[in-house]
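# A closer look at the structure
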Amino acid sequence: MMLLHVHFIALMLLGFALADDIILKPVKEGKQEVALVFIQGSQIKPDQYVPLVSKLQNVSEFSLWVGIPEYTADLLVPIDLSGGIKRVLGEMQLKNTTRVFFAGHSLGGALLQGYTYEHDQEAPGQILLGSYLQRKYRNVTYPIPTLTVSGELDGLCRVTRIMEAVYHQVIHGKSPNTSFPVVVVEGMNHFQVASGEPPFLVMDRDLKPEISEDVAHSTVATLMAAFIATRMGNLSRFDVISAAMQKTKTFVQPLIKGYEMEGFYNFKPPCYEKPPSSNCIVGCPWTSSFAMTVMAGLKEAKVNVTDGIHPVSQVIPDYLPKINNNCTGGDLPNCTLEIVTVTANKYEVVDKFDTGFVPTSAKEMRVKMKSRQAVMEATGMGNVDFNKTDGGSLCKVINQASYDWGMNNIGSSTLTRFKKYGEPMIMGEDKGPYNAGPLWIWNPLEYISKNVSGNLEIEVRSIMMRTPTDYFIKASAGFHYCKLLSPARVMEWAYVDGLRAHFSLNNKTMV
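The rules behind the values
Residues numbered from 1 in each chain as written. Predicted model: local features only at pLDDT ≥ 70, side-chain atom pairs only at ≥ 80, totals over all residues. Heavy atoms only, no water. Helix = DSSP H or I, 4+ residues; strand = E, 2+ residues; numbered from the N terminus. 1 Å grid on protein atoms, 1.4 Å probe; cavity = no way out; pocket = protein on both sides within 12 Å on 5 of 7 lines; lining within 4 Å. Points joined across faces, edges and corners; volume = space filled by probe spheres on them. Nonpolar A, V, L, I, M, F, W, Y, C, P; charged D, E, K, R; others polar. Core = buried A, V, L, I, M, F, W, Y, C linked by side-chain atoms within 4.5 Å. Buried < 20%, exposed > 50% of the residue type's maximum accessible area, 1.4 Å probe, protein only. Contact = heavy atoms within 4.5 Å. Disulfide = S-S within 2.5 Å. Pairing = 2+ DSSP bridges. Axes fitted to C-alpha atoms, helices over the stretch in contact; angles between N-to-C directions. Salt bridge = Lys/Arg side-chain N within 4 Å of Asp/Glu carboxyl O. Expected span 1.5 Å × (residues − 1). Arc of directions from axis to C-beta.

Okay, the environment of Cys482 next. Assignment of secondary structure puts Cys482 in strand S16 (residues 479–484). In this structure, the C-alpha to C-alpha distance between Cys482 and Lys268, residues 214 residues apart in sequence, is 24 Å.

Shown next, in the form of structure tokens:
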């Protein structure tokens, strides 16, 4: 064990000795001397950030020192972070009164926020580029004012995760917008904060930019300079950020609408058994507004759907769909069936780590509905043929409605890009019935990559369970369960993942 410790210390010392830190002296006399410690992203060398920070030095109203520590093999690990920061602070010839700001790109930003939270809560501000404040800080008072800037076409720090930051920090933020602004730079990708040759992972996952590197650097540098000036007391400079934030709010609004339709758990957690409140989500709007209505298929009578979000595997109490009244009086146009449904969203397991690397939307919506047969019989139609009402792929029909809704609600430039470069989703026939509860629960909604006459597409197939109203298990009679495609997943596909095959930097990324 002692030998391992010796080897580890030796490697760290070797790393320090070989580190090629970047120290940039101020290029002009400004109002005051400030410093910026900039933390590199994984496998991106410090000198690849020099064009950006040089622009920052020129547009800043301050005499700005910049220190960029290099970490061993350009791979940043948490245990090394403080050593590099201390090293460049020692290399810069700072006055005792110099205020030190921090910035980090990609993994550098992800790790930096923990360092400043633990070690430097007096820092006047930090800037996260291609990264964001993580969810774990959402329910605490994060002490360091933070500017978040990321690209619309960032293939590693996806724009849907930045949208989530806008939702919490800007639209519903408790702090002043000057403390935690969030900006999406349209047309910019992940690597355009840096310069030169992208590392392997960036090359494999990043999307193609639609603005030049020079425009990206100028935009980001201007935002960084405005934030530093604001934190140093020149509040008029926040106008630059405020204008960018307004554009960002407009840009992300379609995504917010789609994620709200899903009942996104990272906007608000489900209420489950708790009393309804503004702090939690009672039910899924997609299920109550669209899915059950499509399933019902009524031409005259109406439905009023109350959805509840609950784990579908829960048995005590056992939440099941039901119809609370009937329309047997004959006046169908003036009759409304009161229907209860149940939804549970299933998210990517890796998203628990909040990396922004995987989709943030639900990969499937597990929805318990009443069967079309049960609904029609509740309107007084008598004995309805189950095979005719529920024998087809009704889940497929609902999923097509979700796909159409998502495509109709994304931003116009995103839609144009996706139609040109994206892989479309095609709805396949339902699989099942899986009339044993665990089989329906644990068989996932399928996303099948296909090459059809040289064109790539994704076939989406629902897993369904359905039972007639005379089913031999009375408690399970008259159900139609579907694994549904979230409209938010459709939108996220159009903004990010559906572009990878034809619009990534290397055009060879596997979906």
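The discussion continues.
By volume, the largest pocket is sized at about 930 Å³. Forming the walls of the largest pocket are 25 residues, and the residues nearest its centre are Arg138, Asn139, His168, His172 and Lys174. Residue classes in the lining of the largest pocket are distributed as 10 nonpolar, 11 polar and 4 charged.

Another aspect to go through is the nonpolar core. With 113 residues, the main nonpolar core has Phe38, Leu129, Met224, Ile241 and Trp286 as its most contacted residues. Setting aside residues no more than four positions away along its own chain, Trp286 makes contact with Met261, Ala291, Met365, Ile398, Ala401, Ser402, Trp405, Leu484 and Pro487. Counting 21 residues, the second largest nonpolar core, distinct from the first, contains Met92, Phe102, Leu128 and Tyr137.

This part is about the state of the cysteines. A complete count under the given rule lists 3 disulfides for this structure. The partner cysteine of Cys395 in its disulfide is Cys482, sulfur to sulfur 2.0 Å. Handedness of the Cys395-Cys482 disulfide follows from its S-S torsion of about -75°: it is left-handed. Highlighted residues: Cys395 in helix H12 (residues 394–409) and Cys482 in strand S16, separated in sequence by 87 residues. Across this residue pair, the class does not change: Cys395 and Cys482 are buried. Ordering the disulfide-forming cysteines of the chain by sequence position, one finds them joined as 1-2, 3-4, 5-6. Free of any disulfide, Cys284 has its nearest neighbouring cysteine sulfur in Cys482, separated by 13 Å.

Let us now look at the pairing of strand S3 (residues 63–68). With 6 of 6 residues buried, S3 lies mostly within the body of the structure. Residues Ser63, Trp65 and Gly67 point to one face of S3 and Leu64, Val66 and Ile68 to the other, with burial holding for every one of them. Relative to S3, strand S1 (residues 22–24) is paired through 3 bridges, and the arrangement is antiparallel. When the sheet's bridge partners are listed, Leu24 is paired in S3 with Val66. Judged from the 5 bridges that link them, strand S2 (residues 33–39) and S3 form a sheet pairing that is parallel. Residue Glu33 lies in a different strand from S3, and its bridge partner there is Ser63.

Moving on, we come to the sheet that holds strand S12 (residues 425–427). Spatially, S12-S14-S13 is the arrangement adopted by the 3 strands of the open sheet, whose pairing is mixed. With one partner strand each, in any of the chains shown, S12 and strand S13 (446–452) form the two edges of the open sheet. Recorded for the sheet is a direction-independent mean angle of 35° between the axes of neighbouring strands. The pairing of S12 with strand S14 (residues 455–461) spans 3 bridges and is parallel. Directly across from Met425, in S14, lies its bridge partner Ile458. Sheet strands in contact with H12 are S12 and S14, and its direction is about 155° off that of S12.

Moving on, we come to the pattern of salt bridges. For the structure on display, the rule yields 22 salt bridges. Among the salt bridges present, the one from Arg135 reaches Glu164, with a minimum N-O distance of 2.8 Å. Of the two residues, Arg135 is situated in the loop between strand S5 (126–129) and strand S6 (146–153) and Glu164 in helix H5 (residues 159–171); the sequence distance between them amounts to 29 residues. Here Arg135 and Glu164 have matching classes, each one buried. Across the salt bridge formed by Arg161 and Asp354, the nearest N and O atoms sit 2.8 Å from each other. Of the two residues, Arg161 sits in helix H5 while Asp354 sits in the loop between strand S10 (336–346) and strand S11 (364–370), which places them 193 residues apart along the sequence. The burial state of Arg161 is the same as that of Asp354; both residues are buried. Ionic contacts of the salt-bridge type, sharing partners, join the residues Arg135, Arg138, Arg161, Glu164, Asp351 and Asp354 into one network.

Attention now moves to helix H9 (residues 285–296). Helix length check: H9 (12 residues) gives 16 Å between terminal C-alpha atoms against 16 Å at 1.5 Å per residue, within 8%. Looking at H9, one finds that the buried residues are Trp286, Thr287, Ala291, Met292, Met295 and Ala296. Viewed along the axis of H9, the buried residues span an arc of 165°, placing them on a single side of the element. One or two positions beyond H9, positive phi appears at Gly297, with a value near 65°.

What is shown is where atoms sit, not what they do.
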